[in-house]
Amino acid sequence: MFDLQRLAVFSAVADTMSFSLAAARLGVSTSHVSKQIGALEQELHAKLLHRTTRSISLTEAGHIFHQRCKAILSDIASAEQEVLRQHDSPQGMLRVTAPPNLANTRLGDIVQDFMARYPDIQLELILSNRFFDLAEESIDIALRVVDEIPMNVYARRLCRVGWSLVGSPEYLKRRKLSEIDDLSKLDCLFDTAMSPRDMWLFMRDGRTREVHVTPRVRCGNSEWLRQCALRRMGVALLPDFMIADDLAQKRLARILPDYQPLPQKWLYGIYLPNRYLASKVRLFLDAVEQGLQHSA
């Protein structure tokens, strides 16, 4: 019978393609990771990884085994979660940091339902875009939209963060817009937090397109730019989670929907390796993931 620790180690290596990153993720030494992989290959009588001095890649057997490992580990985590839900009432302080724009537009209902379901939990919510040292600040979960996962933490993908180019219907009635080059004729509301350059990037039919704009308004806060768009001041590139209700209520309208704004990013739930065993951490991440999918 396989050692579950070895399966977890192999899965971490296959996910990161690095012994050192896998070790950091699991909170163990690189030599421990190497020994576990060697023992697993010996147990299977099969080579799972191609190793060179510069890179690691999966063998054909490694690819197959990795898919099975992920399914096994997922099933075990689900089984553990079901047991915790039935026999372990989550309680105590839960410290979460989240971006203000996400919290103000999407977390209210999620947190309300979560707190009603688990009355023994006390929540401290820190609204900030700053990247905290989770251990130093005693933070259980950081909800962040990031391109790269920081070292020495776990990260769970919660939902894709899409972007849309939008304006108010009243503003757009006064402007003709049929091609992407027509953006230069509009009042552009530019988010400096996305890019220091006055440029928007789009994809259409597999090809990327840079569009240089002359912003009428520059601001590093997307909620403020949303307010500008609602006030018929121009067009803005905004995250979908922020404008879902505006689109549904026709307060804003999408522009050039055939062009996909880039980059498309992911919202992650980031936590320290030793925090995932706490049922309150896992249950909160479940609640956020399910709530965002439901509202998408």
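For the structure itself, consult the block above.
Residues numbered from 1 in each chain as written. Predicted model: local features only at pLDDT ≥ 70, side-chain atom pairs only at ≥ 80, totals over all residues. Heavy atoms only, no water.

### Here we look at the pairing of strand 8 (residues 188–191)
- Residues of strand 8 alternate between two faces, with Cys188 and Phe190 on one and Leu189 and Asp191 on the opposite face, all of them buried.
- Sheet topology note: the strand 8/strand 11 (residues 215–219) ladder contains four bridges and is parallel. By the bridge assignment, aspartate 191 is partnered in strand 11 with cysteine 219.
- Pairing between strand 8 and strand 12 (residues 235–239): two bridges, direction parallel. Opposite cysteine 188, over in strand 12, you have valine 235 as the bridge partner. (Buried < 20%, exposed > 50% of the residue type's maximum accessible area, 1.4 Å probe, protein only. Helix = DSSP H or I, 4+ residues; strand = E, 2+ residues; numbered from the N terminus. Pairing = 2+ DSSP bridges.)

### Describing helix 9 (residues 240–248)
- When we look at burial in helix 9, the residues that qualify are Met242, Ile243, Asp246 and Leu247. Relative to the axis of helix 9, the buried residues are bounded by an arc of 115 degrees and lie together on one face.
- Of the surrounding secondary structure, the elements contacted by the buried residues of helix 9 are helix 5 (100–117), strand 7 (163–167), helix 8 (222–230), strand 12 and strand 13 (253–254).
- In the segment just after helix 9, lysine 250 is the residue with positive phi, at about 60 degrees. (Arc of directions from axis to C-beta. Contact = heavy atoms within 4.5 Å.)

### Concerning the pattern of salt bridges
- What the rule picks out here adds up to 16 salt bridges.
- Glutamate 41 is the partner of arginine 51 in a salt bridge, and the nearest nitrogen-oxygen pair spans 3.1 Å. Placement of arginine 51 in strand 1 (residues 49–51) and of glutamate 41 in helix 3 (residues 30–44) is noted, with a sequence separation of 10 residues between them.
- The network of salt bridges with shared partners includes Glu223, Arg226, Asp246 and Arg251. (Salt bridge = Lys/Arg side-chain N within 4 Å of Asp/Glu carboxyl O.)

### A look at the packing of helix 8 against helix 9
- Close contact between helix 8 and helix 9 brings their axes to 11 Å; oriented N to C, the two are set at 20 degrees. Considering their axes alone, helix 8 and helix 9 lie roughly parallel with respect to each other. Considering how the two elements wind past one another, helix 8 and helix 9 form a crossing that is right-handed. The segment helix 8 lies against helix 9, with Ser222, Glu223, Arg226 and Leu230 engaging Met242, Ile243 and Asp246.
- Of the residues contributing to the contact of helix 8 with helix 9, the split by class is three nonpolar, one polar and three charged. (Axes fitted to C-alpha atoms, helices over the stretch in contact; angles between N-to-C directions. Parallel < 35°, antiparallel > 145°, perpendicular 65-115°, else oblique. Left-handed = near helix turned anticlockwise from the far one by under 90°. Nonpolar A, V, L, I, M, F, W, Y, C, P; charged D, E, K, R; others polar.)

### As for the sheet that holds strand 8
- In space, the five strands of this open sheet follow the order 11-8-12-7-13, with mixed pairing throughout. The outermost strands of the open sheet, each flanked by one partner alone, are strand 11 and strand 13.
- Here strand 7 runs beside strand 12; their pairing, made up of four bridges, is antiparallel. Bridging from a neighbouring strand, serine 164 pairs with leucine 238 of strand 12.
- Packed onto the sheet, helix 8 meets strand 8, strand 11 and strand 12 and runs at close to 170 degrees relative to strand 8.
- Each of strand 7, strand 12 and strand 13 touches helix 9; the most contacted strand, strand 12, lies at about 115 degrees to it.

Structural measurements only, silent on function.
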